Amino acid sequence: MSAKIYVVGLGPGDRKDMTLRCLDALEESEVIIGYSKYIELIKQYYGHKKLVTSPMKKEVDRCIETINTALSDGGKTVALISSGDSGIYGMAGVLLETADKMKFEGEIEIIPGVTSLCASASILGAPVVHDFAVISLSDLLTPLSIIEKRLRLAAEGDFVIGIYNPKSKKRTEYVDMAVDIILKHRSGKTPVGIVRNACREDETCTICTLDTLKEQHIDMFSTIIIGNSQSYESLGKIITPRGYKFD
């Protein structure tokens, strides 16, 4: 058997939101490797597999372990999992970089999944029907100055803005920073959606305005979607028009 690695996007985590390709890849894999919280999401379905967990901030080590496992015993099929999509803030990039450096010659297949932005948007209504930008507020791998620049340019361009990783225990003021930057280019009455644990059992959803966003409960499990200049709230949802004409 040759070595094969699936890099799998689980979506929000519930089985009903996983794609058929995701389910097939996990079923085919002999070993499933991932961050401990993601393994928790699937272990009730795949407890018969060998499940390998690793802590946060060990992404490179996780990829090395995945490659070495795939190469072991004459070749294995291994799944490396991410929540959401495997390529959007997921493990696909670092796995491919690691495989390149390790001269891995086995097969690698990237399996897409439902992103946090898509899941959150479905709960909020239709906030990202038009052009949008997604920005992470985590400065662990990206300098804060670049994050600030991206927020400013996205606001200037009137993009709907999705914000990932808005807060952590150490990063408590970055949402306020983002609001201050965006308010220079957008009305304070712009609708904003905050979805926590999208499509999971303890999901919550809040719709507010840009000028009240600082007052809301936000944590690392929250995804924020800020409307553009045309977005509005109706029917308990956020709607971003795309430009269709109605008689």
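These lines cover the structure that appears in this document, whether it is placed above or below. No experiment lies behind these values; they were computed from the predicted model shown. (Residues numbered from 1 in each chain as written. Predicted model: local features only at pLDDT ≥ 70, side-chain atom pairs only at ≥ 80, totals over all residues. Heavy atoms only, no water.)

### A closer look at the environment of Val78
Point 1. In this fold, Val78 is placed in strand β4 (residues 77-82).
Point 2. Under the relative-accessibility criterion, Val78 is labelled buried at 0%.
Point 3. Sequence separation between Val78 and Phe132 is 54 residues, and the spatial gap between their C-alpha atoms is 34 Å. (Helix = DSSP H or I, 4+ residues; strand = E, 2+ residues; numbered from the N terminus. Buried < 20%, exposed > 50% of the residue type's maximum accessible area, 1.4 Å probe, protein only.)

### Describing the sheet that holds strand β7 (residues 132-136)
Point 1. On the basis of which strands lie adjacent, the open sheet formed by five strands has the order β7-β8-β11-β9-β10 and mixed pairing. Edge positions in the sheet fall to β7 and β10 (204-209), since each has one partner strand and no second. Neighbour-to-neighbour, the strand axes of the sheet open up by a mean angle of 20°, direction not taken into account.
Point 2. By the bridge criterion, five bridges tie β7 to strand β8 (residues 160-164) in an arrangement that is parallel. If you follow Ala133 over to β8, its bridge partner there is Ile161. (Pairing = 2+ DSSP bridges. Axes fitted to C-alpha atoms, helices over the stretch in contact; angles between N-to-C directions.)

### Comments concerning the packing of aromatic side chains
Point 1. Enumeration over the complete set of coordinates arrives at two aromatic pairs.
Point 2. Ring plane angle 85° and centroid distance 5.2 Å describe the contact between Tyr35 and Tyr38, whose orientation is recorded as edge-to-face.
Point 3. The ring of Tyr45 has Arg15 lying over it, and the distance from NZ or CZ to the ring centre is 5.1 Å. (Phe/Tyr/Trp six-rings, centres within 6.5 Å; stacked < 30°, edge-to-face > 60°. Lys NZ or Arg CZ within 6 Å of the ring centre and 35° of its normal.)

### Some remarks on the pattern of salt bridges
Point 1. Following the criterion strictly, the structure yields twelve salt bridges and no others.
Point 2. For the salt bridge of Glu109 with Arg21, the shortest nitrogen-to-oxygen distance reads 3.1 Å. In this pair, Glu109 sits in strand β5 (residues 107-111) while Arg21 sits in helix α1 (residues 20-28), placing the two residues 88 residues apart along the sequence.
Point 3. On the basis of relative accessibility, which here comes to 43%, the residue Arg21 falls in the partly exposed class.
Point 4. For the salt bridge of Lys43 with Glu40, the shortest nitrogen-to-oxygen distance reads 3.1 Å. Of the two residues, Lys43 and Glu40 both sit in helix α2 (residues 36-46), three residues apart, roughly one turn of that helix. (Salt bridge = Lys/Arg side-chain N within 4 Å of Asp/Glu carboxyl O.)

### Let's talk about a nonpolar patch on the surface
Point 1. Taken together, the side chains of Met56, Met220 and Phe221 present a nonpolar region at the surface, about 280 Å² in accessible area.
Point 2. By the secondary structure assignment, Met220 is in the loop between β10 and β11 (222-226).
Point 3. Exposure remark for Met220: the relative accessible area of 44% places this residue in the partly exposed category. (Patch = residues over 30% accessible without salt bridge, like charges linked within 9 Å, V, L, I, M, F, W, Y side chains within 5 Å. Areas by Shrake-Rupley, 256 points an atom, 1.4 Å probe, with all protein chains shown as cover.)

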